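Coordinate analysis (summary)
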Amino acid sequence: MIPVQNMEMIISGTLKAFLVRLYVPIYVLLSVIFAAIFGVRIIPDLVIVFLTSCLYTLICFLFRKITMPFSEPFEAAKESDSWYIFGLMLIILPFFGLHYLSLYLPFGKYLYMIVLAVALVFGWRWAIGLKLKNVRV
């Protein structure tokens, strides 16, 4: 038993810390490079890719075994099944297809961006609450 009343905040904070401290700096650097190469017209696409990657992080979280952050040795993380990881990578294909289709609709990119943002906001609370429902601390 640990002296934590709300595990949801710990897991949510860990995921957000990963995104903000590890993912965002690299993504911003790459986005600046892409904007320099392709111009400002690519910025909506970069926002869509960022929102998609945040939503993808959340979806992958739903499929992984949940433990308290940093409670297992690093060797346990190395023992993951490569076919399972490959299957998780296939989840990104529908997002790619929807992004591609949004290019053909008038204001499709912006509509898709709004849909992703709404899905991310509502999905964050729903997914973490759902995943933690059956977890013992």
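Below: a short report on this structure. Note that the structure is a prediction, hence the values are computed from the model and not measured.

About the thresholds
Here, residues in each chain are numbered from 1, in the same order as that chain's written sequence. A pLDDT threshold of at least 70 governs which residues receive local features in this predicted model, and a stricter bar of 80 or more applies before side-chain atom pairs are shown or counted, although totals over entire chains, interfaces and linings include all residues. Derived side-chain values reflect all non-hydrogen atoms in the structure, with water molecules and hydrogen atoms excluded from consideration. To qualify as a helix, a DSSP run of H or I must reach at least 4 residues; to qualify as a strand, a run of E must reach at least 2; elements of each kind are numbered from the N terminus. Between buried and exposed lies partly exposed: a residue is buried under 20% and exposed over 50% of the maximum accessible area for its type, with that area taken using a 1.4 Å probe on protein chains only. Note on contacts: a residue pair qualifies if any of its non-hydrogen atoms lie within 4.5 Å across the two residues. Between N-to-C directions, angles span 0 to 180 degrees; the directions come from axes that are lines fitted to C-alpha atoms, helices contributing only their stretch in contact. When an angle is under 35 degrees it counts as roughly parallel; over 145 it counts as roughly antiparallel; between 65 and 115 it counts as roughly perpendicular; any other value is oblique. What makes a crossing left-handed is the near helix being turned counterclockwise from the far one by less than a right angle; a clockwise turn instead makes it right-handed. When residue character is reported, Ala, Val, Leu, Ile, Met, Phe, Trp, Tyr, Cys and Pro are called nonpolar, Asp, Glu, Lys and Arg charged, and the others, Gly included, polar. Patch construction takes residues with relative accessible area above 30% that form no salt bridge. Like charges are linked within 9 Å, and nonpolar side chains (Val, Leu, Ile, Met, Phe, Trp, Tyr) are linked within 5 Å. For every accessible area listed, the method is Shrake-Rupley and the probe measures 1.4 Å; residues are considered covered only by the protein chains on display. When a carboxyl oxygen of Asp or Glu lies within 4 Å of a side-chain nitrogen of Lys or Arg, that pair is called a salt bridge. A pair of Phe, Tyr and Trp rings is counted when the ring centres sit within 6.5 Å of each other, with Trp represented by its six-membered ring. The angle between the planes then sorts it: under 30 degrees is stacked, over 60 is edge-to-face, the rest tilted.

Across its full length, the protein chain holds six helices and zero strands. Within the protein chain, buried positions represent 28% of all 137 residues. Relative to all contacts within the protein chain whose residues are 6 or more apart in sequence, the contacts with residues 24 or more apart total 80%.

Moving on, we get to unusual backbone geometry. We note that F107 has phi near 60°; this positive angle belongs to a residue other than glycine. A relative accessible area of 67% places F107 in the exposed class.

The geometry of helix 2 (residues 43-63) relative to helix 5 (residues 92-102) is characterised by a closest axis approach of 11 Å and an angle of 155° between their N-to-C directions. With respect to helix 5, the element helix 2 is oriented roughly antiparallel. Where helix 2 crosses over helix 5, the handedness of that crossing is right-handed. Every residue of helix 5 that contacts helix 2 at D45, I48, V49, T52, L55, Y56 and I59 is listed here: I92, F95 and H99. Per-class residue counts for the contact of helix 2 with helix 5 are seven nonpolar, two polar and one charged.

It is worth spelling out a nonpolar patch on the surface at this point. A cluster of nonpolar side chains, F63, W83, Y84, I85, F86, M89, L90, I92 and L93, forms an exposed patch at the surface whose accessible area comes to about 890 Å². Per-element accounting of the nonpolar patch gives the leading share, six residues, to helix 4 (residues 82-90). Within the secondary structure, I85 sits in helix 4. Taking relative accessible area as the criterion, I85 reaches 32% and is therefore assigned partly exposed.

Taken as a whole, this structure holds five aromatic pairs when the rule is applied. Here the aromatic rings of Y23 and Y27 are separated by 5.6 Å at their centres, their planes lie at 20°, and the arrangement is stacked. Placement of the pair is Y23 and Y27 together in helix 1 (residues 7-38), with a separation of four residues, close to one helical turn. Since its relative accessible area comes to 23%, Y23 is described here as partly exposed. Classification of Y27 by relative accessible area gives buried; the value is 14%. Here Y23 and F50 contribute two aromatic rings whose centre-to-centre distance is 6.2 Å and whose plane-to-plane angle is 20°, an arrangement assigned as stacked. One end of the pair, Y23, is in helix 1; the other, F50, is in helix 2, and 27 residues separate them in sequence. Judged by relative accessible area, which is 24%, F50 ranks as partly exposed. Of the aromatic side chains, those joined through ring pairs into one cluster are Y23, Y27 and F50.

This is a description of form; function is not addressed.
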